[in-house]
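Here is how the chains run, residue by residue.
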Amino acid sequence: MQDLIRIMKILRSDEGCPWDREQTHQSIRKNFVEETYEVCEAIDTQDVELLKEELGDVLLQIVFHTEMEQEQGAFDFDDVCTGICKKLVLRHPHIFSDVKVNDSAEVLQNWDAIKKKEKGQESFAQTLQGVSKALPSLMRSAKVQQRAARAGFDYPNVQWAMIDLRSEVEELSEAIAQQDKANCVEELGDLLFSAVNVARFIGTDAEESLSQSCEKFIARFAKVEALANEQGIDMKSSSIEELDKLWKKAKMLATD
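Since the model is a prediction, treat every value here as computed from it, not as a measurement. Numbers given to residues run from 1 along each chain, matching the order in which its sequence is written. Whole-chain, interface and lining totals are the exception, using all residues; otherwise, since this is a predicted model, local features are given only for residues with pLDDT of at least 70 and side-chain atom pairs are given and counted only at 80 or more. To obtain the side-chain values, all non-hydrogen atoms of the structure were used and water was disregarded.

A. View of the overall build of the chain. Each helix corresponds to a stretch of at least 4 residues labelled H or I by DSSP, and each strand to a stretch of at least 2 residues labelled E; elements are numbered beginning at the N terminus. On a plain count of helices and strands, the chain comes out with 13 helices and zero strands. Reading the helices (α) and strands (β) of the chain from amino to carboxyl end gives α-α-α-α-α-α-α-α-α-α-α-α-α. In this description the radius of gyration comes from C-alpha coordinates, and the expected globular size is given by 2.2 Å times residues to the power 0.38. Over its C-alpha trace the chain gives a radius of gyration of 25 Å, far above what one expects of a compact globule, namely 18 Å for 256 residues. Along the longest, intermediate and shortest principal axes, the C-alpha atoms of the chain span 65 × 50 × 40 Å. Partly exposed describes any residue whose relative accessible area lies between the buried limit of under 20% and the exposed limit of over 50%, with all areas from a 1.4 Å probe on protein chains only and scaled to the type maximum. Taking all 256 residues of the chain together, the buried fraction comes to 21%. When contacts within the chain are restricted to residue pairs at least 6 apart in sequence, long-range pairs at least 24 apart make up 49% of them. Contact criterion: two residues are considered in contact whenever any of their non-hydrogen atoms come within 4.5 Å of each other.

What follows is the structure, given as C-alpha cells:
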C-alpha cells in the first residue's frame with residue numbers, strides 16, 4: 001500500500017509523468033466509473049485473477065484522487081481510512097457497543113437510522129434527495145423507491161405496480177400519437193420508473209435484468225446474422241418481415 005502511494009507521489013511530482021500531473025478529479029472521473037464496472041464484470045464472470053487485477057485498478061483510482069487532495073492540504077490516505085473505520089464502528093453498534101439485534105433486517109434498520117442522523121436528515125424527503133444523482137438511473141430509481149417505501153409511500157403489492165406500469169404505457173402512447181417530444185421524454189421516464197418499481201416488487205434488480213436482456217439480444221442478433229449469411233440474405237436490404245422471420249427462428253433455436 002505504501003509503495004502504491006509513493007509511486008503516485010512520484011508520478012504526480014515535477015520529475016514525474018506529464019499525463020499524471022495534468023489530471024484532475026473531473027478528467028479521470030470516467031476512469032473511476034469504468035474501473036468499477038470492470039470489477040463487476042470480473043465478479044459476474046467469476047474470474048478471480050481478473051478480479052484481483054481490477055480491484056488493483058480501483059485502488060489506484062482511490063490513491064490518485066487522494067493524492068490530488070493531499071497536494072492541496074485537504075486530506076491524505078490515512079484520513080480516508082480513518083473516516084471509513086469510524087463509519088463502520090458507528091454503524092455496527094451491535095458489534096462495537098451494547099445494542100442487541102435479532103436479524104439482518106434489524107441491522108439494516110439501525111444502519112439507516114444512524115446514517116440519517118449522521119447526515120442530519122430530519123425528513124424522509126431528505127433521504128430521497130440524498131440518493132446520489134451520479135448513480136445509473138435504474139439504480140437511482142430503485143434506491144429512491146426503497147426509501148419512499150420506508151416512509152409508507154408504496155403500493156400494497158405487485159399487481160398495483162403493474163396497473164401503474166400499464167397506465168404509463170398508455171400515457172406514452174398518447175404522447176407519441178400527439179407527436180409531443182417533450183411529453184414523450186417525460187412519459188418514457190415515468191414508464192421506466194414504473195418498470196423499476198415492478199422489478200423491486202418481484203425481488204429482482206432492474207439494472208441486472210436489463211443487462212441480461214442486452215446479452216440475450218446480442219446473442220440472438222448474432223444468430224440472426226449467421227442465419228442470414230447461410231441463406232444469402234442481405235440484412236441491410238431485407239424487409240422487416242424477412243428479418244422478423246429470422247428473429248423468430250433464432251429465438252426458437254435458442255430455446256431448443
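B. Structural detail: the state of the cysteines. To count as a disulfide, a pair of cysteine sulfur atoms needs to be within 2.5 Å. Applying the stated criterion across every chain, the model contains zero disulfides. Of the cysteine sulfurs around Cys 214, a residue in no disulfide, the closest is that of Cys 40, at 15 Å. With a relative accessible area of 42%, Cys 214 lands in the partly exposed category.

C. Representation of the environment of Glu 187 within the structure. Within the element layout of this structure, Glu 187 appears in helix H11 (residues 181–201). Along the backbone, Glu 187 and Ser 173 are 14 residues apart, and their C-alpha atoms lie at a distance of 8.9 Å.

D. Main features of the pattern of salt bridges. A pairing counts as a salt bridge when a side-chain nitrogen of Lys or Arg comes within 4 Å of a carboxyl oxygen of Asp or Glu. The tally for this structure, following the rule as stated, stands at seven salt bridges. Between Arg 12 and Glu 71 there is a salt bridge; the shortest N-O distance is 2.7 Å. With Arg 12 in helix H1 (residues 2–12) and Glu 71 in helix H4 (residues 48–71), the pair connects residues that are 59 residues apart, well separated along the chain. For Glu 71, a relative accessible area of 38% translates into the label partly exposed.

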